[in-house]
Amino acid sequence: MRTPRALRPLAESLATVALGLVAGGVLVWAFGHSPLAAYRALAVGAFGTREDLLETLAFATPLMLTALTFAVGVRAGLFNIGAEGQMYLGAVGATFVAGMVPMPAGVHLAAATVAGMLAGAVWALTPAVLKAWRGAHEVISTIMCNWIALHLSMYLAIHFLAEPGRAERTVPALPTARYPVLSEESTLTAVLFVAVGFALVVYAYLWGTRAGYELRLAGENPEAARYAGVRPERVVVLSFVLGGLAAGLAGASQVIGRPPAWSLYATLGNVVTLGFDGIGVALVGRNHPVGGILAALLFGALAQGGRLMEYEVGVLSELVRALNGIIVFAMAVPELWGMLRRRLAR
Amino acid sequence: MRWKAVVTWTFALGAVALGARFLERVGLPPVSLLETGLLAMTPLALAAVGECLNQKAGLVNIGLEAIFMVTATVGVWFAEVGRSGTVGLLAGAATGALLGLGFGAVSVYGKADQIIAGMGLNVFALGFVPFLLISLWAFPGIHVFPNELMVPRIRTPLGQVSPVTLAAVVVALAAHLLLHRTVLGFRIRAVGEKPEAVDVAGLRVDRLRLLTATVGGALAGLGGAFLPLGWFGALVKEISAGRGFIALACVVFAGLEPLLALGAALLFGLADGFASAVAVTPGVKERVPFYFVSMIPYVVTLAVVAAVIGRRRFPSTVGRPYARE
């Protein structure tokens, strides 16, 4: 069992995902379904046809962004689990500009996208400020902000953005503020390129600029960063704002970049849990923007395949989320594969 | 220092009394507010006291929310099978103990990043609980169970109180005495501050931490099963609604002292009770949008966390695995 050093993280991530799949299979079996049938349906659902593959990409789009939120946090030594709430606000911001503020084509799409991103970033400021200047633990403050965001977004969706006569959703994005659909047989739109592009920009920023270097230094070695004159408050705010922009874009992508609704459901049904899903994606992607893109493809496949699994085998697609949790749990053990390797080497 | 505490408490009590007057004037009965407040306090207090023990020994379990969600569901199922709410509470505590033990084992033997392991539990519960609801009752929405499965409440002259609430108060007292008056408590505190010393003294660091993780899980599990069986009378997948994290805020607020955690739980419980009362009181509910009322517990938690933290001291090894040199 010798893997080249460079490939080791990749191998370990894949092995952890496999472990999660096995554990999920045990769950499926324990509740009286056939794990093989379930996973067969999942694979067919995700990769069976060209349409399924495109749909997998559509599911991967928001995940690579919420993964980015978590990853940028970890890189700065923070545990930002506020992507969920930042994403709700991003969706609300994008819905407002896309649905209620008419603008010329081209400008409108960009404005709606930016509005979503900014709304996410603004929502990330509260936990950022509380962390930087009050030392409030970001796990608690981001979760509280998530719940406040949930109620605030539902309120805004119902009272200010509702489509007249249709209580279940907001006004749809005007045609000028919709990302072009890439293929009529799927819900994939060009927002995928924006998501990938943003992840790459963040990658370039973190690894190519002084501020990015300081952020990573503060995460890896806070002592050294302090001696080097890095201001910790700046790092905290920068990390939260970058994360908020990504999460906001994720929320926006589900409104102005996802047919057929082109709007936000009043229950936030088309965005909820995408933020939490990003945590597992980020960890499997080793908290790296590019790793996150690859991991998102995998989790996107699970999400898309889960729909067929639910339809054909009767295993609720929510199982995919339980599986995600098991993967996160296993990823927490840094020594898991190291221990195993030593056992095997003996 | 003493007189400062006296002044603080006088002000606090005065504020409470004024608040009660005000509530009566706007039409919110303070007694029912207190009743709901105590109900809301119970799961928070149980989980927070358990987490205090846990963190004193050096483990941080942020998976309390997951334990709440899973044990609420498992508790209701066992209550229906055993035809008794008490059976459900015990099953909840046992399930919580198992989850706590699993978390402890991964943290102690796997030297896991505890924050990530805890979040893994939370994400797992987010998917597992709907899956469980469908598997057990073939319906993903609200599950209402027969009323006789509710844990009966004790009537007092001031209103009803759940025996679990009393148990939570006793547990907080017992945890305080355990930590500060017994040898075991001393060892628990030592294992959080200086695990090397405990190890050199010939005691098992791993077993002490597994013990607190299991007890902490059991208490959170009791609290989780209490949510449907002692309070709401029904089960939904979002039943805990962030309460696991509010319990964490109690722990931080209390600086790991069980009695202070009980107090914090009462404070957050009252905020929760206030929100529930506002949501149903005629004359008030029409004027305040429901969505803003629902935010109250979270805003209060955020405010308290922002106001308090930074001045608390935590055990030196909290959140870090112990490895022999």
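Here's a quick rundown of the structure. Given the structure is predicted, the values throughout are model-derived calculations rather than measurements.

Time to look at unusual backbone geometry. For the peptide bond that leads from Pro259 of chain A to Pro260 of chain A, omega is 0°, which places it in the cis range. Even without being a glycine, Ala241 of chain B presents a positive backbone phi close to 45°. Relative to the helices and strands, Ala241 of chain B is located in the loop between strand 4 (234–235) and helix 10 (243–254). Residue class for Ala241 of chain B comes out buried when judged on its relative accessible area of 18%. Residues other than glycine seldom take positive phi values, yet Leu256 of chain B does so here, at roughly 70°. With relative accessibility at 1%, the residue Leu256 of chain B sits in the buried group.

Moving on, we come to helix 1 (residues 8–30) of chain A. Residue and element names in this part refer to chain A. With 23 residues, helix 1 extends 33 Å from end C-alpha to end C-alpha; this agrees with the ideal 33 Å at 1.5 Å per step. Looking at helix 1, one finds that the buried residues are Glu12, Ser13, Thr16, Val17, Gly20, Gly24, Gly25, Leu27 and Val28. Backbone geometry just downstream of helix 1 places Gly32 in the positive-phi region, at approximately 85°.

Right, let's talk about a nonpolar patch on the surface for a bit. Among the surface-exposed residues, Leu7, Leu10, Leu14 and Leu298 of chain A lie close enough to one another that they form a single nonpolar patch of about 340 Å² accessible area. One can find Leu298 of chain A in helix 12 (residues 289–313).

Residue and element names in this part refer to chain A. This model, assessed by the stated rule, comprises 3 cavities of 30 Å³ or more. Considering the residues around the largest cavity, the lining is formed by Ala58, Thr61, Pro62, Thr187, Leu188, Thr189, Val191, Leu192, Ser253, Gln254, Gly257 and Arg258. Elements represented by at least two residues in the lining of the largest cavity include exactly helix 3 (50–75), helix 7 (191–208) and helix 10 (232–256). It is helix 3 that provides the largest number of residues to the lining of the largest cavity, a total of 3 residues. Counted by class, the lining of the largest cavity contains 5 nonpolar, 6 polar and 1 charged residues.

Moving on: the interface of chain A and chain B. Each partner contributes to the interface: chain A provides 43 residues, whereas chain B provides 48 residues. Both sides together, the interface formed by chain A and chain B hides about 3900 Å², and carbon and sulfur atoms give 86% of it. Interface area lost by chain A to chain B is led by Ile140, Met144 and Phe329 of chain A, which between them contribute 17%. At the junction of chain A and chain B, the tally comes to 0 salt bridges. Taken together, the links from chain A to chain B amount to 3 residue pairs in polar contact (both at pLDDT 80 or more). Listed by contribution, the elements that provide at least two residues to the side of chain A that touches chain B are helix 5 (107–134), helix 6 (138–159), helix 11 (274–284) and helix 13 (319–331) of chain A.

Definitions and limits used
The written sequence of each chain sets the order in which its residues are numbered from 1. The order in which chains are written sets their letters, starting at A; the order in which ligands are written sets their numbers, starting at 1. Given that the model is predicted, a residue must reach a pLDDT of at least 70 before its local features are reported, and side-chain atom pairs must reach 80 or more before they are shown or counted; all residues, however, enter totals for whole chains, interfaces and linings. As a rule here, side-chain values come from all non-hydrogen atoms in the structure, and water together with hydrogens is ignored. In this description a helix means any DSSP run of H or I spanning at least four residues, a strand means any run of E spanning at least two, and both kinds are numbered starting from the N terminus. Residue exposure (1.4 Å probe, protein chains only): buried if accessible area is under 20% of the type maximum, exposed if over 50%, otherwise partly exposed. Take the residue count of a helix, subtract one, and multiply by 1.5 Å to get its expected span. Candidates for patches are residues over 30% relative accessible area with no salt bridge; among them, like charges are joined within 9 Å and nonpolar side chains (Val, Leu, Ile, Met, Phe, Trp, Tyr) within 5 Å. Computed with the Shrake-Rupley method and a 1.4 Å probe, the accessible areas treat only the protein chains shown as cover for residues. For salt bridges, the criterion is a side-chain nitrogen of Lys or Arg within 4 Å of an Asp or Glu carboxyl oxygen. Think of a 1 Å grid over the protein atoms and nothing else: a 1.4 Å probe that fits but is trapped marks a cavity, an open set flanked by protein within 12 Å on at least five of seven lines marks a pocket, and residues with an atom within 4 Å of a point count as lining. Grid points are joined across faces, edges and corners, and a volume is the space filled by probe spheres set on the points. Under the scheme applied, nonpolar residues are Ala, Val, Leu, Ile, Met, Phe, Trp, Tyr, Cys and Pro; charged residues are Asp, Glu, Lys and Arg; polar residues are all the others, including Gly. In what follows, a contact means two residues having at least one pair of non-hydrogen atoms within 4.5 Å. Buried area is understood as the total, over both parts, of accessible area removed when two parts are fitted together, assessed with a 1.4 Å probe. For this analysis, a polar contact is any N or O atom pair within 3.5 Å, provided that within protein one partner can donate a hydrogen and the other can accept it, and provided that sequence-adjacent residues contribute only side-chain to side-chain pairs.

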